[in-house]
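Next come the chains, spelled out residue by residue.
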Amino acid sequence: MPGMDSRGFTLIELLLAMSISALVAVIAYAGIATAIDSSSAMQSQVKQLRDVQRTLDIMTEDLLQIRARPITNGYGSQEAALLGGNSQDVLLQLTRGGVANPLALTRSELLRVRYVLAEGALWRQSWSELDRADENKSPQSVLLLEQISDINFAFLSATAGGSASPDYYGLAGNAGYWENDWNSVQIATDEVSPLPVAIKVSFNVADFGVVERIVELP
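Residues numbered from 1 in each chain as written. Predicted model: local features only at pLDDT ≥ 70, side-chain atom pairs only at ≥ 80, totals over all residues. Heavy atoms only, no water.

> Looking at this structure, how should I read the overall build of the protein?
Secondary structure assignment for the protein yields 3 helices and 15 strands. For the protein, buried positions account for 32% of its 218 residues. A total of about 13600 Å² of accessible surface is found on the protein, and carbon and sulfur atoms cover 56% of it. (Helix = DSSP H or I, 4+ residues; strand = E, 2+ residues; numbered from the N terminus. Buried < 20%, exposed > 50% of the residue type's maximum accessible area, 1.4 Å probe, protein only. Areas by Shrake-Rupley, 256 points an atom, 1.4 Å probe, with all protein chains shown as cover.)

> In this structure, what is going on with the nonpolar core? I would like to understand it.
Burial of nonpolar side chains together is a common tendency in soluble globular proteins. Judged by nonpolar contacts, the single largest core of 27 residues is most densely connected at L82, L92, L122, I151, F153 and F203. Elements supplying a minimum of two residues to this core: α1 (11-64), β5 (92-96), β6 (111-118), β8 (140-145), β9 (148-156), β14 (198-205) and β15 (209-216). By size, the runner-up hydrophobic cluster in this structure holds 5 residues, among which are A154, W178, V197 and A198. (Core = buried A, V, L, I, M, F, W, Y, C linked by side-chain atoms within 4.5 Å.)

> What is the right way to look at the sheet that holds β15 in this model?
The strand order across the open sheet formed by 4 strands is β10-β9-β14-β15, and the pairing between neighbours is antiparallel. At either margin of the open sheet sits one strand with a lone partner, and together these are β10 (178-179) and β15. In the sheet, β9 pairs with β10 via 2 bridges, with the strands oriented antiparallel. Across the sheet, residue F155 finds its bridge partner in β10, namely E179. (Pairing = 2+ DSSP bridges.)

> Help me understand the pattern of salt bridges in this model?
When the charged atoms of two side chains lie near each other, side chains of opposite charge can form a pair. Under the counting rule described, the total for this entry stands at 7 salt bridges. Two residues, R213 and D57, come together in a salt bridge whose shortest N-O distance is 3.5 Å. One end of the pair, R213, is in strand β15; the other, D57, is in helix α1, with 156 residues separating them in the sequence. Residue classification places R213 among the partly exposed residues on the basis of a relative accessible area of 23%. (Salt bridge = Lys/Arg side-chain N within 4 Å of Asp/Glu carboxyl O.)

> Before we go on, may I ask you to explain unusual backbone geometry in this structure?
Here the phi dihedral of Q147 falls at roughly 55°; this positive angle occurs in a residue that is not glycine. Position of Q147 relative to the elements: it lies in the loop between β8 and β9. Look at Q147 and you get exposed, because its relative accessible area is 52%. Unusually for a residue other than glycine, D150 sits at a positive phi of about 55°. Mapped onto the elements of the fold, D150 is located in strand β9.

> Just checking my understanding: could you explain the pairing of β9 for this structure?
Side-chain direction in a regular strand flips from residue to residue, so the side chains alternate between the two faces of the sheet. Direction of pairing for β9 relative to β14: antiparallel, over a ladder of 7 bridges. Each bridged residue has a counterpart across the sheet, and for F153 the counterpart in β14 is V201.

> I tried to follow the side chain of T55 on my own but got confused; where do I start?
Considering the arrangement of structural elements, one finds T55 in helix α1. Among the residues examined, T55 registers a relative accessible area of 0% and is labelled buried. Polar side-chain contacts of T55 include one of 2.9 Å to the backbone oxygen of D51. Contact partners of T55, with chain neighbours within four places excluded, come to L122, L144 and L145. (Polar contact = N/O pair within 3.5 Å; in protein donor to acceptor, adjacent residues only side chain to side chain. Contact = heavy atoms within 4.5 Å.)

> Just checking my understanding: could you explain a nonpolar patch on the surface for this structure?
Together, L16, I20 and V24 give the surface a local cluster of nonpolar side chains, amounting to about 290 Å² of exposed area. Along the chain, I20 falls in helix α1. (Patch = residues over 30% accessible without salt bridge, like charges linked within 9 Å, V, L, I, M, F, W, Y side chains within 5 Å.)

Below, the structure written as structure tokens:
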């Protein structure tokens, strides 16, 4: 219509608009990428926390079901009902009960359990046959936790612990009550020692920190 300005955008205006749009897109992408990275990191931390909690729960369940039942291994030697610590061949080995049998099969409710640390990975191994005829028979192995180091078990002796709560003996001032090794069979006298009052486990997980739990035995 006469009198109306019918000019379009100039080339400079178009280039400026495109530059602003590109800048906004870059900023938006950077924000989305940061949000995705933060979400992935959060999911990784949540998974790690879940794995740590699962490991502690499995250990706790095994210890709460402990039985004072030694076994005979495939070499014909007796193994203690509970064996573990810094100077032993394995981190922890025990006999536990309470194994579910929903099909009412003819088998024992007992299970032999062993915890092994290999290349920073913590494994739980188990045998359904307590007195093994073949030591080369592979156990059932389950990976519990990776990137783990400095794992230690400590044992509270019934004679040292008395009737006090294990939490009391977990205090720094009473750390001497905890023993670093345990073998419930005294080889020299062929006697069976009582199980400890409690067991403490502590370990370091990469990017997580030190974890510790005290389990009072039944």
